[in-house]
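Here's the letter readout for the chains.
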Amino acid sequence: MARILLLHSMYGLRPHVHQAADRLRAAGHDVHVPDLYDGRVVDTPEEGIAIKEEIGRDELLKRAVAAAAPLSADGLVYAGFSLGAAIAQNLALGDERSRGLLLMHGTSDMPDGVAADDLPVQLHVADPDTYEPVDWLNAWYLGLRRARADVEVFRYPGVGHLFTDPDLPDYNAEAAERAWAVALDFLADL
C-alpha cells in the first residue's frame, strides 16, 4: 500500500479526481486529494489558465507543500493530472523521502543539478499532445535519466490531453483503462 498525494488539473477538483482517488483506494492505497483552487472548478482550459495565473505558480506550490507536509514522514507517492502532475513532479524531486511519482498528462521543467536517485517515475501522455510536445518530452526524459530516476513513459496515440477524464471531450475510455491498469501495477510495486 502506498500513501498518495493526488493533485488535480487546471480544471480544479472535479469529480474525475475523486473517482481516480476512489479507484486507487479500492486498490488498497491511502489517497489524499487537496483542493489547490479553494473550491473553484471550471469547464474550459481558458478558465483554468486564468485561475492558475490568478493564484500564481508559487502559491500553488506552497499550497501543495502544505498539503504534503503532514503526510510525508513515511514517504509519499506524488501523483497528479496535467497541472497537478507538474506540481507533483516538483514536490517529488524536492522530497528525499518520496517513494514514487505518477504523472498523468503532464510534466514540469527540471531544475539544474536535481538528484532523483532511483526514484520510480511513470508518465502517461497523449501522442501527440499540444501541452507536452515531443521535443519537450524527450528533453524531460533525458533530464530525469541524468538525475538517475527510473523513468517509464507510456504514450497513447490519437487521444486528447486529459484522456482519462470522462467529463471532458478528450476522454478515451480504452486508453484510460489501459493507463489505469499500468498505473495500478506501478503503484503496487512501490
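For the structure itself, look to the data block above.
Per-chain numbering applies: the sequence of each chain, read as written, is numbered from 1 onward. At least 70 in pLDDT is required for a residue's local features to be given in this predicted model, at least 80 for side-chain atom pairs to be given and counted, and no such filter applies to totals for whole chains, interfaces and linings, which use all residues. Just so you know, side-chain values use all the structure's heavy atoms and leave hydrogens and water out.

Draft legend 1. Structural view of the packing of helix 1 (residues 15-26) against helix 6 (residues 173-188). Contact pair helix 1 / helix 6: the axes reach a minimum separation of 11 Å and the direction vectors enclose 45°. One finds that helix 1 runs oblique with respect to helix 6. Seen along the crossing, helix 1 lies across helix 6 with a hand that is right-handed. Taken together, the residues of helix 6 that come into contact with helix 1 (itself represented by Ala20, Arg23 and Leu24) are Glu177, Trp180, Leu184 and Leu187. Note on definitions: angles span 0 to 180 degrees between N-to-C directions of axes, and those axes are lines fitted to C-alpha atoms, for helices only across the stretch in contact. Under the DSSP-based scheme used, a helix requires at least four consecutive residues in state H or I and a strand at least two consecutive residues in state E, with every element numbered from the N terminus. Put simply, angles under 35 degrees are roughly parallel, angles over 145 are roughly antiparallel, angles from 65 to 115 are roughly perpendicular, and the rest are oblique. What makes a crossing left-handed is the near helix being turned counterclockwise from the far one by less than a right angle; a clockwise turn instead makes it right-handed. Note on contacts: a residue pair is in contact if any heavy atoms of the two residues lie within 4.5 Å.

Draft legend 2. Structural view of the packing of aromatic side chains. Paired rings are identified among Phe, Tyr and Trp, the last through its six-membered ring, by centres lying within 6.5 Å, and are further divided according to the angle between planes into stacked (under 30 degrees), edge-to-face (over 60) and tilted (the rest). Going through the model one piece at a time under the given rule, you end up with 2 aromatic pairs. Residues Tyr156 and Phe163 carry aromatic rings whose centres are separated by 4.8 Å and whose planes lie at 40° to one another, so their mutual orientation is tilted. When accessible area is computed with a 1.4 Å probe and restricted to protein chains, residues below 20% of their type maximum are described as buried, those above 50% as exposed, and intermediate ones as partly exposed. Classification of Tyr156 by relative accessible area gives buried; the value is 3%. Phe163 gets classed as buried once you look at its relative accessible area, which sits at 0%.

Draft legend 3. Quick peek at the nonpolar core. The term nonpolar core refers to a set of buried residues drawn from Ala, Val, Leu, Ile, Met, Phe, Trp, Tyr and Cys, joined through side-chain atoms within 4.5 Å. Membership of the largest hydrophobic core comes to 65 residues, with the highest contact counts inside it found for Leu5, Leu6, Tyr78, Ile87 and Val121. Broken down by element, this core gets its largest block of residues, 7 residues, from helix 4 (residues 83-94). Apart from the residues within four sequence positions on either side, Leu5 is in contact with His32, Pro34, Ala64, Ala67, Ala68, Leu71, Leu76, Val77, Tyr78, Ala79 and Leu91.

Draft legend 4. Structural context of the sheet that holds strand 3 (residues 77-81). A strand pair is defined by DSSP finding two or more bridges across the two strands. Spatially, 6 strands are ordered 2-1-3-4-5-6 in an open sheet, and the strand pairing comes out parallel. Two strands in the sheet have a free side with no partner beyond their single neighbour: strand 2 (30-32) and strand 6 (150-157). Within this sheet the neighbouring strands show an average axis-to-axis angle of 15°, counted without direction. The sheet contact formed by strand 5 (residues 120-127) and strand 6 spans 8 bridges and is parallel.

Draft legend 5. The arrangement of the side chain of Thr164 in detail. You can see Thr164 is positioned in the loop between strand 6 and helix 6. A distance of 2.8 Å separates a polar atom in the side chain of Thr164 from a polar atom in the side chain of His105. Not counting the four nearest positions on each side in its chain, Thr164 is found in contact with His16, Phe81, Met104, His105, Tyr171, Ala176, Ala179 and Trp180. What qualifies as a polar contact is a pair of N or O atoms within 3.5 Å, subject to a donor-acceptor requirement within protein and to the restriction that residues adjacent in sequence count only when both atoms come from side chains.

Draft legend 6. Representation of the pairing of strand 4 (residues 100-104). Burial analysis of strand 4 places 5 of its 5 residues in the buried class, which makes it a mostly covered element. Alternating positions in strand 4 separate into two faces, Gly100, Leu102 and Met104 on one and Leu101 and Leu103 on the other, with burial throughout. Taken together, the 5 bridges between strand 3 and strand 4 define a ladder with parallel strand orientation. Along strand 4, the bridge assignment pairs Tyr78 with Leu101. In this structure, strand 4 lies alongside strand 5, joined through 4 bridges in parallel fashion. Within the sheet, the bridge partner assigned to Leu102 lies in strand 5 and is Gln122.

Draft legend 7. Spotlight on the pattern of salt bridges. One speaks of a salt bridge when a side-chain nitrogen belonging to Lys or Arg is within 4 Å of a carboxyl oxygen belonging to Asp or Glu. A complete count under the given rule lists 11 salt bridges for this structure. A salt bridge links Asp38 to Arg63; the nearest nitrogen and oxygen atoms lie 3.2 Å apart. One end of the pair, Asp38, is in the loop between strand 2 and helix 2 (45-55); the other, Arg63, is in helix 3 (residues 57-68), and 25 residues separate them in sequence. You can call Asp38 exposed: its relative accessible area is 56%. The exposure class of Arg63 is partly exposed, given its relative accessible area of 23%. With its nearest N and O atoms 3.0 Å apart, the salt bridge here joins Arg63 to Glu59. On the criterion of helical spacing, the pair formed by Arg63 and Glu59 is a turn pair, its members being 4 residues apart in helix 3. Its relative accessible area of 28% is what places Glu59 among the partly exposed residues. Each of Asp38, Glu59 and Arg63 takes part in one network of salt bridges that share partners.

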